Amino acid sequence: MSGSSVPRWLLGSIALQNLGRRKARTGLLVVAVAISSAMAFTGTVMMRSIEASMSVGFSRLGADLMVVAQDALTNITPALLTVGPTDQTVDADLIQRANVAGIARSAAQRVFRTERSGFGGHEESVDLISFDPERDFTVQPWIAERLGRAMGPNDVILGAARNLPLGSEIVLFGKPFRVYAQLARTGAGTHERGVFLQSASLIALAPAIQMQTGQWPPMLDPGKVSGFLIELAPGATELQVRFALLSHLTGIKVVTGGSLLTGIRQGLTALLGGALALVALMFGSTAVMVGVLFSAIVTERRNELGLLKAIGARRGQIIGMMVIEAMVATGGGGLIGVIFGALLLRLFERSLIYYLTQMGIPFLWLGTASAFVVAIASVLAATLIGAIGVLVPAWRASRRDAYDLIRGEG
Amino acid sequence: MLSCRGVGKTYRTDRGPVDAVRGIDLDVAAGRYAAMVGRSGSGKSSLMAMIGGLSRPSAGKIVIDGTDIWSLGDDAIAHFRNRRIGYVFQFASLLPTLSTIDNVALPAMLNRNSDNSDSYARAAKLLGDVGLGDHFDAYPSEMSAGEQRRAVIARALINDPLLLLADEPTSDLDEQTESEIMALLLAVNRARGTTLMLVTHNLALAHEAEQVIQIANGAIVP
């Protein structure tokens, strides 16, 4: 409608009043959509919260596999695989080049042990460990406390055994760094006393290291790394990926972690994916139900639609009126569902989650802003379901001759 | 004003095609009162629907005021119906969820360039003219059949149409109300110069018409 807003209002008013004419049917439609919407909202918030909680819990389990040079030293603890300090290196594009299926994530690390960094006591051995913050999944999950900002190139993260306040300054090979964060206890010695910094920051120290030590550490060559930590994709097995890596690459060692933990992680990730697919399926079936219902409603109101066409309503106006009617009903249902879902979440918070927390099992709720986005998305999805559901019957009715509609045919 | 040439309508049914209207040629001059008579099922309502732009003919051409209406696109023919044709159907055809004045003003407001306050002013005057000046806010369910039919006539006149089509407008009314409604339609025809086409199977109602079109088996009886 490109003219006055009153006809649109009037057609909208007809649509609203039509909903009021069949209170029981409208009520059932609203309830059905509200249930779907409540399940989608509650389910998504709960699953995202569980996922967030799991991602902290499971990411702390470290990598499933580690790829290092054949002669490199490695540490294996029940919870964490770490690259040991070594001069042995592998190519930085090794994993990318191997192109092996079954790898979900890989993170490169450079580990450089030195007694001449100037940090700590006199000629104290310090492990400088570099990582790429964008790809890392084994260092940052262990952060116990941090400054309230993103990590920068002049920041370091200290292992749990190093006691320095956050924000304090340390000097490595003459260059000042700020203590950005401290890790929790990992049980892996390299991590406990390590100083972690971004890869580019460690590489940038190479000239200073060469001046101090007279040598250029091989792992500080931009094309080399000390090793890779690998997380397997759901369904992939350690044996499979290990075999594939060894058959594609030479001069490497593939170290495996605890297969039980890998299995649990993969299983739960798949379960969450399946639950989200179920929510999508449920919304889909609601859309089909709305479509069937509105097909019946359009059939019932053929006379009225024919009359509107007879007095000059255009096809777009007919379709628009039906779409408004459906969107109001399903959008209203969506809103009610989200409110009901929010109450359910409060109930969970006061019961199940409270007991989990009491038992020391951390549960991270989805942030308020994210939950709000999920709520809005649920209402919009419900509204959209109404629009999609009614579109085909309304479009078909609008194509019919007015006389056929008035006579109750078509 | 109205010209039909070779107009036909074939309905497709499970038992095969049915020719409801066959090759009708018809002319009605502007401002005339024409009555279309014939038995039930003779094809008069189908012909009326095609003339009114409500049902696409299977064959032929219908020209109203120089416009070949079935050559127009969907939106254009909707606009034509809205501006040039008024309908009074054989059933109560007010929208049940709108008040009387909203029902009457609606066709005017469907027009893109309408002024809404003007639409309501015209609707109020027309309701007054048909004797429903005190029923503006009444809903169809609160009015009698005769009052509803008066409101429908007011709605049909809201855009000052060239052609007023009335398809058995009094078939479900008592004798006295029938006379009142017919008097109202004739008054519109005479006072406004609106061409009136009335479909009826009641020969007495056709008696006053300036042109009587007899239809039988989908064709005009000479």
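What to know about the overall build of chain A
Step number 1: Within chain A, the secondary structure is distributed over 13 helices and 14 strands.
Step number 2: The proportion of buried residues among the 410 residues of chain A is 49%.
Step number 3: Contacts in chain A between residues far apart in sequence, at least 24 positions, make up 75% of those at least 6 positions apart.
Step number 4: Within the structure as shown, chain A displays about 18700 Å² of accessible surface, and the carbon and sulfur contribution to it stands at 62%.

Some details on the overall build of chain B
Step number 1: Check the secondary structure of chain B and you find seven helices and 10 strands.
Step number 2: When each of the 222 residues of chain B is scored for burial, the buried share is 56%.
Step number 3: When contacts within chain B are restricted to residue pairs at least 6 apart in sequence, those whose partners lie at least 24 apart make up 70%.
Step number 4: In the form shown here, chain B has an accessible surface area of approximately 9300 Å², with 46% of it arising from carbon and sulfur atoms.

Overview of the sheet that holds strand β2 (residues 16-28) of chain B
Residues and elements named next belong to chain B.
Step number 1: The four strands are arranged β2-β1-β4-β5 in an open sheet whose pairing can be described as antiparallel. In this open sheet, the two edge strands, each paired with only one partner strand, are β2 and β5 (67-68).
Step number 2: Note that strand β4 (residues 59-64) and β5 share two bridges and pair antiparallel. In the strand pairing of β5, Ile64 is matched with Thr67.

Details of the interface of chain B and chain A
Step number 1: Tallying the contact residues gives 32 residues for chain B and 29 residues for chain A.
Step number 2: Taken over both partners, the interface formed by chain B and chain A buries close to 2700 Å², and the fraction arising from carbon and sulfur atoms is 64%.
Step number 3: Where chain B touches chain A, the interface holds one salt bridge.
Step number 4: Its salt-bridge partner being Arg315 of chain A, residue Asp74 of chain B comes within 3.1 Å of it at the nearest N-O pair.
Step number 5: In this structure, the connection of chain B to chain A is made through six residue pairs in polar contact (both at pLDDT 80 or more).

Observations concerning the sheet that holds strand β7 (residues 163-167) of chain B
Residue and element names in this part refer to chain B.
Step number 1: Pairing is mixed across the open sheet formed by six strands, whose spatial order is β6-β7-β8-β3-β9-β10. Each end of this open sheet is capped by a strand with a single partner; those strands are β6 (85-88) and β10 (219-220).
Step number 2: Where β6 meets β7, four bridges bridge the pair, whose relative direction is parallel. In the strand pairing of β7, Tyr87 is matched with Leu165.
Step number 3: The sheet strands contacting helix α1 (residues 44-51) are β3 (33-37), β6, β7, β8 (195-200) and β9 (211-216), and the helix crosses β8 at an angle near 155°.

Thoughts on the nonpolar core
Step number 1: If you look at the biggest cluster of nonpolar residues, it comprises 115 residues, and the most contacted ones within it are Leu47, Ile51, Ile62 and Met197 of chain B.
Step number 2: In terms of residue count, helix α8 (residues 259-300) of chain A provides more of this core than any other element does, eight residues in total.
Step number 3: If we ignore the near neighbours within four places in the chain, the residues touching Met197 of chain B are Leu2, Leu26, Val28, Ala34, Met36, Met48, Ile51, Leu163, Leu164, Leu165, Ala166 and Ile213 of chain B.

Observations regarding the packing of helix α3 (residues 100-109) of chain B against helix α4 (residues 116-129) of chain B
All names here are of chain B.
Step number 1: Between α3 and α4, the least distance of the axes is 8 Å, while the angle of their chain directions is 130°. Taken together, the axes of α3 and α4 are oblique relative to one another. Considering only the axes of α3 and α4, their crossing is right-handed. Here Thr100, Ile101, Asp102, Val104, Ala105, Ala108 and Met109 of α3 lie close against α4, whose contacting residues are Asn116, Ser119, Tyr120, Arg122, Ala123, Ala124 and Leu127.
Step number 2: Its residues placed into classes, the contact of α3 with α4 shows nine nonpolar, three polar and two charged.

Here's the deal with α3 of chain B
Step number 1: Most of α3 of chain B is tucked away, with 10 of its 10 residues classed as buried.
Step number 2: Of all the positions in α3 of chain B, only Thr100, Ile101, Asp102, Asn103, Val104, Ala105, Leu106, Pro107, Ala108 and Met109 of chain B are classed as buried.

Things to note about the environment of Ala63 of chain A
Step number 1: Within the fold, Ala63 of chain A resides in the loop between α2 (23-59) and β1 (65-69).
Step number 2: Spatially, the C-alpha atoms of Ala63 of chain A and Val255 of chain A are 10.0 Å apart, while their sequence positions differ by 192 residues.

Focus on the packing of aromatic side chains
Step number 1: According to the stated counting rule, one finds two aromatic pairs over all chains in the structure shown.
Step number 2: For the ring pair Tyr87 of chain B and Phe89 of chain B, a centre distance of 5.5 Å and an interplane angle of 5° mean the geometry is stacked.
Step number 3: Using a relative accessible area of 6% as the deciding quantity, one classes Tyr87 of chain B as buried.
Step number 4: With relative accessibility at 8%, the residue Phe89 of chain B sits in the buried group.
Step number 5: A cation over an aromatic ring shows up here: Lys175 of chain A above the ring of Phe177 of chain A, its NZ or CZ 5.3 Å from the ring centre.

Here we look at the packing of helix α10 (residues 315-350) of chain A against helix α12 (residues 368-399) of chain A
Residues and elements named next belong to chain A.
Step number 1: Interaxial distance between α10 and α12 falls to 7 Å at its minimum, and their mutual angle equals 150°. Taken as axis vectors, α10 and α12 run roughly antiparallel relative to one another. Where α10 crosses over α12, the handedness of that crossing is right-handed.
Step number 2: Here the residues of the contact of α10 with α12 sort into 16 nonpolar, seven polar and two charged.

A closer look at unusual backbone geometry
Step number 1: Even without glycine at this site, Phe173 of chain A takes up a positive phi of about 50°.
Step number 2: Relative to the elements of secondary structure, Phe173 of chain A occurs in the loop between β9 (169-172) and β10 (175-183).
Step number 3: With a phi angle near 50°, Asn217 of chain B is a residue other than glycine that sits in the positive phi range.
Step number 4: Along the polypeptide, Asn217 of chain B turns up in the loop between β9 and β10.

Things to note about the side chain of Gln211 of chain B
Residue and element names in this part refer to chain B.
Step number 1: Position of Gln211 among the secondary structure elements: in strand β9.
Step number 2: For Gln211, a relative accessible area of 13% corresponds to the buried category.
Step number 3: The residues touching Gln211, leaving out its near neighbours within four places in the chain, are Leu26, Asp27, Val28, Arg32, Tyr33, Ala34 and Ala35.

Side note on the confidence of the model for chain B
Note: predicted coordinates in regions of low pLDDT should not be interpreted at a detailed level.
All names here are of chain B.
Step number 1: Per-residue confidence for chain B gives a mean pLDDT of 89; residues scoring 70 or more make up 99%.
Step number 2: Of all secondary-structure elements in chain B, the lowest mean pLDDT belongs to helix α7 (residues 203-206), at 81, while β4 reaches the highest, 95.
Step number 3: Both scores are available for the predicted complex, with the pTM at 0.62 and the ipTM at 0.90.

Structural notes on the confidence of the model for chain A
Step number 1: For chain A, the mean per-residue pLDDT works out to 82, and 85% of the residues sit at or above 70.
Step number 2: Between residues 1-5 of chain A, whose pLDDT stays under 50, and residues either more than four places distant or in other chains, the model counts 12 contacts.

Overview of the pairing of strand β13 (residues 227-232) of chain A
Residue and element names in this part refer to chain A.
Step number 1: In terms of residue burial, β13 counts as a mostly covered element, since six of its six residues are buried.
Step number 2: Bridge count between β1 and β13: four bridges; the pairing is antiparallel. Bridge pairing in β13 links Val68 to Gly227.

Parameters and conventions
Numbers given to residues run from 1 along each chain, matching the order in which its sequence is written. Following the order in which they are written, the chains are lettered starting with A and the ligands numbered starting with 1. Residue-level local features of this predicted model are given only where pLDDT is at least 70; pairs of side-chain atoms are given and counted only at 80 or more, and the full residue set underlies all totals for whole chains, interfaces and linings. As a convention, hydrogens and water are excluded, and side-chain values are obtained from all of the structure's heavy atoms. Strands here mean DSSP runs of E at least two residues long; helices mean DSSP runs of H or I at least four residues long; both are numbered from the N terminus. Partly exposed describes any residue whose relative accessible area lies between the buried limit of under 20% and the exposed limit of over 50%, with all areas from a 1.4 Å probe on protein chains only and scaled to the type maximum. Residues count as neighbours in contact if any of their non-hydrogen atoms are within 4.5 Å of one another. Reported accessibility uses the Shrake-Rupley method at a 1.4 Å probe radius. Residues are deemed covered only where the shown protein chains occlude them. Each pair of strands is called paired provided DSSP finds at least two bridges between the two strands. Buried area adds together the accessible area that both of two parts lose upon being put together, with accessible area traced by a 1.4 Å probe. Salt bridge, as used here: a side-chain nitrogen of Lys or Arg that lies within 4 Å of a carboxyl oxygen of Asp or Glu. Polar contact criterion, stated in full: a pair of N or O atoms within 3.5 Å, where within protein one must be able to donate a hydrogen and the other to accept it, and residues adjacent in sequence count only if both atoms are side-chain atoms. Note on geometry: axes are lines fitted to C-alpha atoms, helical ones only across the stretch in contact, with angles between N-to-C directions running from 0 to 180 degrees. Take the buried Ala, Val, Leu, Ile, Met, Phe, Trp, Tyr and Cys residues and link them wherever side-chain atoms come within 4.5 Å; each set so joined is a nonpolar core. Angle categories: roughly parallel below 35 degrees, roughly antiparallel above 145, roughly perpendicular from 65 to 115, and oblique for all the rest. Crossings are assigned a handedness: left-handed for a near helix turned anticlockwise from the far helix by less than a right angle, right-handed for a clockwise turn. Under the grouping applied here, Gly and all other residues not named as nonpolar or charged are polar, the nonpolar ones being Ala, Val, Leu, Ile, Met, Phe, Trp, Tyr, Cys and Pro and the charged ones Asp, Glu, Lys and Arg. Ring geometry is summarised as follows: Phe, Tyr and Trp rings, the Trp one being its six-membered ring, pair when their centres sit within 6.5 Å, and such pairs are stacked at plane angles under 30 degrees, edge-to-face over 60 and tilted between the two. In this scheme, the term charge over a ring applies when either NZ of a lysine or CZ of an arginine sits within 6 Å of the ring centre and within 35 degrees of the ring normal. Predictor confidence is given residue by residue as pLDDT, running from a minimum of 0 to a maximum of 100.

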